[in-house]
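A structural walkthrough
Each chain, written out:
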Amino acid sequence: MRILHLQNWNADAIKENIPVIKEQGFDACLIGPVQPVKEDGYKEWWMSYQITDFKIGNIYISKEDLISICELAHQYQLDVHVDTVLNHTGASLEDPLKPHPNVNPILLSHPEYWKEKINVSNWDDRKDVTTNCMGLPGLNVYHPEMQKIITNFLNELIDTGVMGLRFDAAKSIGLPSEGYDFWPNIIYCLKKWGLFLYGEILFENNQQILEEYAKYINVLGSYVANNPDRSVLFAESHDSFLSKTKLGYTKDKSSEQVLNEYCAMVWHHLNTLFYARPFDDTWKRKEIKDVHDHALKRTKKIA
């Protein structure tokens, strides 16, 4: 699976570029998040991850837009993936761990849908990571009713024609071996099989943890699972380019450096993601089309 990440692109720009994306040898485009956020007319990239509800529609893409994008992409045999935010909501101005007042009142009225207002203090401590907040109001995704809300939202996305789901901050959602049933409950309640599912699991080098995630979703990160077909690797992500924290480790790299790293990655890994930097058409370069074509021919020869 070769995925082109089009973060915060609007519907017109996506549809205009679908033929080129396919011509470049990508199998899917990753868009979104498509959920409403705490402020209208927002400009900061991170605002897309401060959601207020589990429904489709924001300033970039409406539900009708998503349906038309999927219909057009299908004509070109290109899959559409959507980035989903399930683990947290937007924060209020006075307290980063307090939900914004624009969050859906149904969520606000149920205290059991929320984690305690405690931030993660040790990212190497799995209990800390999976039970506490990551700097934003944390949702208690382990609550059965919260899982129903999430499942309904994901199935609504599937109904529009979406063929893949990216789970933001998947590392913060615990595993069955840790006493949490989220992943099997969600995955097995999706109404369609054959979807490409992948979760963001950054800076995790515990192989046992990676292998358990890989039972349910493809692992999106820097480490390869024992079965490399269950990993999605990237030379750069939106976080690594845009973030001002330690996550922003590629912002000083040139587009040429990232291009070369990506092309080398394609030769060795089945699933890769290329992030389209804002106002940068590196993804249209001939080198990307060529390496995708060569990798596909090699895969068919091996098969």
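Here is a short report on the structure shown in this document. No experiment lies behind these values; they were computed from the predicted model shown.

1. Points about the nonpolar core
Core analysis: the largest hydrophobic core is formed by 77 residues, its most contacted members being Ile31, Leu66, Leu154, Phe167 and Trp183. Of the residues forming this core, the biggest block, six residues, is contributed by helix H5 (residues 144–159). The residues touching Leu154, leaving out its near neighbours within four places in the chain, are Thr84, Leu86, Leu165, Phe167, Ile186 and Leu190. With eleven residues, the next largest nonpolar core counts Ile3, Tyr198, Phe234 and Leu273 among its residues.

2. Side note on the pairing of strand E3 (residues 79–84)
In terms of burial, E3 is largely enclosed, as five of its six residues are buried. Of the crossover connections in this fold, the one passing from strand E2 (residues 28–32) over helix H2 (residues 63–75) to the parallel E3 is right-handed. In this sheet, strand E4 (residues 164–167) lies alongside E3 in parallel orientation, the contact comprising four bridges. Bridge pairing links Thr84 to Phe167 in E4.

3. So, the sheet that holds strand E8 (residues 272–275)
With parallel pairing, eight strands are arranged side by side around a closed barrel as E1-E2-E3-E4-E5-E6-E7-E8. With strand direction ignored, the average angle separating the axes of adjacent strands in the sheet is 25°. The pairing of strand E6 (residues 218–220) with strand E7 (residues 231–234) spans two bridges and is parallel. What sits directly across from Leu220, in E7, is Val232. Seen against the sheet, H2 touches E2 and E3 and runs at an angle of roughly 145° to E3.

4. Quick word on helix H1 (residues 11–23)
For H1, which comprises 13 residues, the first-to-last C-alpha distance of 19 Å matches the rise-based estimate of 18 Å (1.5 Å per residue) to within 8%. Along H1, the helix axis deviates most sharply at Asn17, where the bend reaches about 45°; the proline Pro19 sits within four residues downstream. Residues Ala11, Ile14, Asn17, Ile18 and Ile21 constitute the buried set of H1. Those residues of H1 hidden inside the fold are in contact with strand E1 (2–7), E2 and H2. Of the residues that open H1, the one with a side-chain oxygen 3.2 Å from the backbone nitrogen of Asp12 is Asn10.

About the cut-offs
- Residues numbered from 1 in each chain as written.
- Predicted model: local features only at pLDDT ≥ 70, side-chain atom pairs only at ≥ 80, totals over all residues.
- Heavy atoms only, no water.
- Core = buried A, V, L, I, M, F, W, Y, C linked by side-chain atoms within 4.5 Å.
- Buried < 20%, exposed > 50% of the residue type's maximum accessible area, 1.4 Å probe, protein only.
- Helix = DSSP H or I, 4+ residues; strand = E, 2+ residues; numbered from the N terminus.
- Contact = heavy atoms within 4.5 Å.
- Right-handed = clockwise from strand over helix to strand, strands pointing away.
- Pairing = 2+ DSSP bridges.
- Axes fitted to C-alpha atoms, helices over the stretch in contact; angles between N-to-C directions.
- Expected span 1.5 Å × (residues − 1).
- Bend = angle between axes of the 7 residues up to and from the residue.
- Polar contact = N/O pair within 3.5 Å; in protein donor to acceptor, adjacent residues only side chain to side chain.

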